[in-house]
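# Report on the structure
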Amino acid sequence: MIPIASVNPVAKLGAGLLVSVFLIATIDWVSATTALVLELVVIAFMGIEPKRFWLRTLPVWVAAPLTALTILLYGRYDGEVYFQFLLIRISDGSIELALATFLRVLAIGLPAVVLFISIDPTDFADGLAQRLRLPDRFVLGALAAVRMVGLFLDDWRSLELARRARGVADRGRIRRIAGQGFALLVLSIRRGSKLSIAMEARGFGGDTPRTWARESRWGTAEWLTLVVGVVIGVTATVVAVLTGSWNPIVG
Amino acid sequence: MRGLDLRIAPGERVLILGESGAGKSTLLHALAGVVGDDEGESEGSLLVDGEHPTAHRGRTGLVIQDPDSQVILERVGDDVAFGCENLGVPRDEIWRRVRHSLEQVGLDVALDRNTSALSGGQKQRLALAGVLAMQPGLIVLDEPTANLDPEGVVEVRDAVIRVAESTGATIVVVEHRVSVWSDVVDRVVVLAAGGGAIADGSPTDVLSRQGEELAARGVWVPEFPPARPVRSQRAAQQTLITTQDLFVGRAKRAVAAPSDLGIVSSRAIAITGPNGSGKSTLALTLGGLLPPVGGAVVAAPALAAGAGEHPIRWKSRELLTRIGTVFQDPEHQLLTSTVRAELEVGPRALSLPETEMDARVDELLTRLRLEHLANANPFTLSGGEKRRLSVATALATRPQVLVLDEPTFGQDSRTWSELVILLAKLVDDGGSVIAVSHDQEFVAALADSTVVLA
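Residues numbered from 1 in each chain as written. Chains lettered and ligands numbered in written order. Predicted model: local features only at pLDDT ≥ 70, side-chain atom pairs only at ≥ 80, totals over all residues.

### Describing the overall build of chain A
The helix and strand tally for chain A stands at nine helices and two strands. Its C-alpha atoms give chain A a radius of gyration of 24 Å, more than 25% over the compact-globule value 18 Å for 251 residues. Each principal axis of the C-alpha atoms in chain A carries an extent, and together these give about 65 × 55 × 40 Å. Counting the 251 residues in chain A, one finds 35% classified as buried. At a minimum sequence separation of 6, the contacts of chain A that also span at least 24 residues come to 75%. (Helix = DSSP H or I, 4+ residues; strand = E, 2+ residues; numbered from the N terminus. Rg over C-alpha atoms; globule rule 2.2 N^0.38 Å. Buried ≥ 20, exposed ≤ 12 C-beta atoms within 10 Å, placed from the backbone. Contact = placed C-beta atoms within 7 Å.)

This is the structure:
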């Protein structure tokens, strides 16, 4: 079992990006399939509950065929044309490209989602500030904002009920939602300013160099995660080049 | 606030009183160094330890009223550590301070406990621990117990005293409810609305000389409790709403409603119980705003008047004359940009004639002391004014049943008294009131029966 949860989020982000770089460079189906197979092997060893895996990756499984369908109908035509209607033209070329796109969306999307399931926002912020040296005001501000999303959801529900209670929920749904959105904006600005007072009162934004209560660790596991990303990307590219299907986007 | 001369000695515990708008919060924010130069005007000087409050970050700690707005991070330990990190405290020292602070405020939960799972009283003690970890010489608290249930009030008050005794920190606290703090502070300062201080001295001294006047200005003085309603002859009673095997809930968690829940005209019913017991959910379900999770809320023909027996299926407009709801946070139900327009929303939805609408709005403006604010933006009103407005908007369509969620939270004694008298009159005249409340005095003054959720 790979203890992926304890790996530094920055390394997970890095590994995901590395795989994507290799896969974005080409648009063939061989590299995508190779990467996907290798990724599924790695994911299988992560010990994710099947139900959780399918639930979280559902958007990717929906997005992949939809993207592929678009390419199938409107993509570059080449070889025999099987069907034609207005701008729609299904050909050998568009079929191959659709398949390659389908696999590519999965190969980039699945690991991204799986790696992010286990990312804790606080640890991620620690990593961004301590490892990538992003400005801590920006990182901590964003982190505090993320925590407020739950409050916004509660606000939204209350706003909805309140509009029904005030007798204005029967008509003009679109206008009402726009008004509700504006009300939420007003509420969130007020919440935000209170939060920023609370943060300032605790010394946030001062000139003293900040210390970090939690160390964002970087060791063998993190380097290994990046290496796995590179290995998957390189293997996929090599296999594609050897089979002669590597098809760079640029050039 | 202006023209205030005040000298507070190290280790003193000061309670600041004064009516709404006297500038109590502004004073505390200034002490904590969180009033920016671009926010309003300032004159004179304010020094903490002989320096400008912003000169020495972390010397003053601030705890504010709203528990949700001062939780910064997701885990309890990280949240307490936040201030220390900003002050550049070394890592080992931070965690030593975090444990010590949590122990002092009596918050005995795991360091990785999720902060959003804490109760209001726990959140306020968490905020206090976060302040304490910075080892401040001065701790200022802006109505720290106003939004809490009775147990939460005691928890937070006791934690503040423990901290003051063990660290010797100076304490400056603003609160409407004098009884919470009068025994534990050694000085009371009363701010005047026009500027300066009206009184300054020991609690017994100030309260015996100024108690009556303070009470008249909305401060809760134990010896001068707010006026309670004189009840008159009630109108005849009839059942308006009944429930059948009702279960209420939000987001999959269902709670069984008490079986003997009958809503009757000319009666007030109070719903009480600890945080998270589903009080608000029950009230909103009875009010036809949330669908029951199981069973049914049934409106008697006298209330339904042709609109069907399930309130949740009524149109939004049909609710107006039948069941009105006043939300815990008035800001959730504000729709327009002036107080007058806000009151006209309901009558307009009912398509009442202009003359009738104007008559109702004018009457409510007068009755709830909002006339001078008719053209003001509702968002700019004070807490008490917003509360009165939100009740008035519900009354404008004359619903037979009025549902209120924590109507007295954070209110001064004057608004409290006005609300109770208004609601009592409503009930005596044949209306029905369902009120969710932690406020024991409110329940005692108004409710004919009480439902306690576990």
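### Describing the nonpolar core
One finds Ile16 and Leu128 of chain B to be the most contacted residues of the largest nonpolar core, which totals 115 residues. The dominant element in this core, judged by the number of residues it contributes, is helix α4 (residues 92-117) of chain A, at 12 residues. Setting aside residues up to four positions removed in sequence, leucine 128 of chain B forms contacts with Val63, Val105, Ala159, Val160 and Val163 of chain B. With 66 residues, the next largest nonpolar core counts Val248, Val297, Val433 and Ala447 of chain B among its residues. (Core = buried A, V, L, I, M, F, W, Y, C linked by C-beta atoms within 7 Å.)

### Let's talk about the packing of helix α2 (residues 29-44) of chain A against helix α9 (residues 220-242) of chain A
All names here are of chain A. Contact geometry for α2 and α9: axes closest at 8 Å, N-to-C directions at 145°. When you trace α2 past α9, the crossing you get is right-handed. Between α2, through Val30, Ser31, Thr34, Ala35, Leu38, Glu39 and Val42, and α9, the contact on the second element is made entirely by Val228, Ile232, Thr235, Ala236, Thr237, Val239 and Ala240. Looking at side-chain class alone, the contact of α2 with α9 contains nine nonpolar, four polar and one charged residues. (Axes fitted to C-alpha atoms, helices over the stretch in contact; angles between N-to-C directions. Left-handed = near helix turned anticlockwise from the far one by under 90°. Nonpolar A, V, L, I, M, F, W, Y, C, P; charged D, E, K, R; others polar.)

### A look at the interface of chain A and chain B
Across the contact, 37 residues belong to chain A and 52 residues belong to chain B. Of all the secondary-structure elements, those providing two or more residues to the side of chain A that touches chain B are α5 (121-130), α6 (136-147), α7 (149-165) and α8 (173-201) of chain A. Counting residues per element, the side of chain A that touches chain B draws most heavily on α8 of chain A, which supplies 10 residues. The residue inventory of the side of chain A that touches chain B, partitioned by class, reads 20 nonpolar, eight polar and nine charged.

### Thoughts on unusual backbone geometry
For residues other than glycine, phi is negative in most cases, and the peptide bonds are mostly trans. All names here are of chain B. Even without a glycine there, the phi angle at arginine 369 is positive, about 55°. The residue arginine 369 is located in the loop between α12 (354-367) and α13 (383-395) in this model. On the basis of neighbour count, arginine 369 is assigned to the partly exposed category, with 14 C-beta atoms found within 10 Å. Backbone geometry at arginine 398 places phi at a positive 50°, although glycine is not the residue there.

That's the geometry; what it means functionally is another story.
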